[in-house]
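# Observations on chain architecture
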2 protein chains.
Amino acid sequence: MTKVTAQVSVSVDGFYAGPRFDGDGDWMASAESAGFFRVTRWVTEGMAWRERQGFAGGEQDTNSEVIAETFAAAGAYVMGRRMADGGEVPWGDEPPFRAPVFVVTHRPRARVERKGGTSFTYVTDGVAAAVERARAVAGDRNVAVAGGGSLVRQVLAAGLLDELELHVVPVVLGSGLRLLDADLGLGEKEGIELTPTRVISTPEVTHIRYAVHGRAPLLLDDRGRGGGATTIIS
Amino acid sequence: MTKVTAQVSVSVDGFYAGPRFDGDGDWMASAESAGFFRVTRWVTEGMAWRERQGFAGGEQDTNSEVIAETFAAAGAYVMGRRMADGGEVPWGDEPPFRAPVFVVTHRPRARVERKGGTSFTYVTDGVAAAVERARAVAGDRNVAVAGGGSLVRQVLAAGLLDELELHVVPVVLGSGLRLLDADLGLGEKEGIELTPTRVISTPEVTHIRYAVHGRAPLLLDDRGRGGGATTIIS
């Protein structure tokens with residue numbers, strides 16, 4: 001059965017890129033880029049990713065297996081407009097998706113066909129509509145929310161996300177584009193409950209897959225009697 | 001050899017408590033408390049913690065073993081003033097630390113002796129001095145930075161932290177007191193590099209222990225060629 005999933009590489013402090021670059025200069029030289037490439041280094045070094053890019057070499061290891069599995073599981077993608085615009089040139093004639101991509105945007109644009117099975121369809125009637133259109137063509141594979149972070153938050157906040165996999169990279173960035181922030185719109189004493197369903201640890205990254213159960217009230221559990229638990233939490 | 005360590009229970013989005021409660025009302029009824037008790041539930045349900053509190057029952061499981069190990073490893077504690085004030089009443093005559101605690105404060109106060117081996121010494125000459133005083137009495141055990149978050153950040157930013165263990169609880173809180181935030185004072189294109197040294201996964205919490213290597217520049221790795229990696233990151 002098709003699940004709606006998202007996979008995000010983040011720093012220990014939750015950033016998927018450095019501070020947002022909005023200038024006309026060289027994105028590759030920006031702090032946003034520096035943070036982005038630090039948290040995705042395990043990806044760019046992975047053979048399974050490099051093969052799809054047409055790059056030589058790469059590591060054939062557990063991390064590469066996670067990448068291959070992630071590609072294989074996706075029958076269709078949903079993507080934010082900024083990411084689609086940023087990727088259009090570097091992805092070139094044969095993008096790595098090899099599946100239909102539905103881009104959430106306010107700007108109507110004709111469908112774009114690329115080699116290798118990738119197409120870009122521009123959806124102007126919202127995130128839920130884009131997810132449904134992706135689901136309709138994903139077959140028995142999953143709908144992967146490719147990002148950026150704002151789109152992942154919208155899908156999560158709307159209760160449309162079934163599975164979130166965080167690839168937690170052992171670096172503290174201190175600032176940048178944060179995956180999970182206040183615009184989730186949670187109420188006071190309300191959380192989104194998850195369950196970890198798979199954890200794979202390597203020196204480069206800790207892969208934590210969560211099933212998403214949705215919003216729930218934070219019930220007061222006062223067995224801690226206030227400060228007691230602070231012997232091991234901060 | 002003595003290490004300076006910190007152990008923090010955090011939500012998936014990095015909060016160790018809900019939004020800060022500064023009122024005169026009931027902290028236990030606050031959103032700060034609701035978030036705090038959600039991320040420490042695995043602790044308050046652990047037999048190893050309940051025993052030290054004099055509470056009956058509790059789970060004797062992997063999480064409880066992590067708690068017992070954490071208590072056993074600490075030869076002395078460093079603590080922030082707000083946490084020490086908040087805990088003074090609930091901890092009572094026999095606090096759960098059973099070791100010397102050095103409280104970082106601007107307010108001089110006489111040393112307090114409690115039953116069971118816990119004492120509170122109030123240090124007014126800064127975080128580094130408090131860590132050194134704790135190290136001097138920790139023997140061959142560790143100095144545990146008990147929190148709050150601001151103190152952990154100060155110790156980390158000062159390069160004094162050898163090991164950080166995050167107990168990542170599968171809930172998204174959306175807002176609250178964040179362990180790792182901008183006041184780490186990292187430069188642009190600078191990070192704090194870590195290495196995961198142990199990961200223990202349970203349904204209630206994922207325990208990730210990191211060795212802290214310190215500040216390092218974020219070197220641009222452009223093998224990602226811009227957008228390509230976004231097929232599996234967001």
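Residues numbered from 1 in each chain as written. Chains lettered and ligands numbered in written order. Predicted model: local features only at pLDDT ≥ 70, side-chain atom pairs only at ≥ 80, totals over all residues. Heavy atoms only, no water.

Named according to an unreviewed UniProt entry, chain A is Dihydrofolate reductase originating from Micromonospora krabiensis.

## Digging into the relation of the copies chain B and chain A
Superposing chain B onto chain A requires a rotation of 180° together with a translation of 0.0 Å along the rotation axis, leaving an RMSD of 0.0 Å. Both chain copies can therefore be described as sitting about a two-fold axis. Measuring from the rotation axis to each C-alpha of chain B, the shortest distance belongs to Gly-14 of chain B, at 3.6 Å. A high fraction, 100%, of the interface residues of chain B reappear at the interface in chain A, so the copies pair face to face through one surface. (Least-squares fit on C-alpha atoms with pLDDT ≥ 70 in both. Contact = heavy atoms within 4.5 Å.)

## Let's talk about unusual backbone geometry
All names here are of chain A. The omega torsion of the bond from Gly-147 to Gly-148 falls at 5°, within 30 degrees of zero and hence cis. Its place among the elements puts Gly-148 in the loop between β7 (142–147) and α7 (149–157). Despite not being glycine, Lys-189 has its phi angle at roughly 60°, a positive value. Inspection of the secondary structure puts Lys-189 in the loop between β10 (177–178) and β11 (190–201). Taking relative accessible area as the criterion, Lys-189 reaches 33% and is therefore assigned partly exposed. (Helix = DSSP H or I, 4+ residues; strand = E, 2+ residues; numbered from the N terminus. Buried < 20%, exposed > 50% of the residue type's maximum accessible area, 1.4 Å probe, protein only.)

## As for the sheet that holds strand β8 (residues 163–169) of chain A
The strand order β5(A)-β6(A)-β4(A)-β3(A)-β7(A)-β1(A)-β8(A)-β12(A)-β11(A)-β9(B) describes an open sheet built from 10 strands, whose pairing is mixed. The outermost strands of the open sheet, each flanked by one partner alone, are β5 (112–113) of chain A together with β9 (171–172) of chain B. Where helix α4 (residues 62–73) of chain A meets the sheet, it contacts β1 (4–11), β3 (74–80), β7, β8, β11 and β12 (206–217) of chain A, and its direction lies at approximately 90° from that of β3 of chain A. (Pairing = 2+ DSSP bridges. Axes fitted to C-alpha atoms, helices over the stretch in contact; angles between N-to-C directions.)

## A closer look at the interface of chain B and chain A
With 90 residues of chain B in contact, the opposing surface of chain A contributes 90 residues. At the boundary of chain B with chain A, total buried surface from both sides reaches about 7100 Å², with 66% on carbon and sulfur atoms. Applying the counting rule to chain B against chain A returns two salt bridges. A salt bridge links Arg-38 of chain B to Glu-193 of chain A, with the shortest nitrogen-to-oxygen separation between them at 2.9 Å. Per element, the largest residue contribution to the side of chain B that touches chain A is nine residues, and it comes from strand β11 (residues 190–201) of chain B. (Buried area = accessible area lost by both parts, 1.4 Å probe. Salt bridge = Lys/Arg side-chain N within 4 Å of Asp/Glu carboxyl O.)

## Some points on the side chain of Ser-33 of chain A
Structurally, Ser-33 of chain A can be placed in helix α1 (residues 31–39). Polar side-chain contacts of Ser-33 of chain A include one of 3.2 Å to the backbone oxygen of Met-28 of chain A. (Polar contact = N/O pair within 3.5 Å; in protein donor to acceptor, adjacent residues only side chain to side chain.)

## Considering the packing of aromatic side chains
Here the structure, examined in full by the defined rule, presents 16 aromatic pairs over all chains. With a centroid separation of 5.1 Å and 70° between ring planes, the pair formed by Tyr-77 of chain A and Phe-97 of chain A is classed as edge-to-face. Taken together, the residues span a long stretch of sequence, with Tyr-77 of chain A in strand β3 and Phe-97 of chain A in the loop between α5 (81–91) and β4 (100–104) at a distance of 20 residues. Taking 5.8 Å as the distance between ring centres and 65° as the angle between the ring planes, the aromatic pair formed by Trp-27 of chain B and Phe-36 of chain B counts as edge-to-face. (Phe/Tyr/Trp six-rings, centres within 6.5 Å; stacked < 30°, edge-to-face > 60°.)

## A closer look at the UniProt feature "domain: Bacterial bifunctional deaminase-reductase C-terminal" (unreviewed entry) in chain A
Feature annotation in UniProt assigns "domain: Bacterial bifunctional deaminase-reductase C-terminal" (unreviewed entry) to the following positions: residues 3–181 of chain A. The span residues 3–181 of chain A is 35% helical and 26% strand by assignment, and the distance between its end C-alpha atoms comes to 24 Å. (UniProt positions renumbered as here; feature names shortened; annotations may be inferred.)

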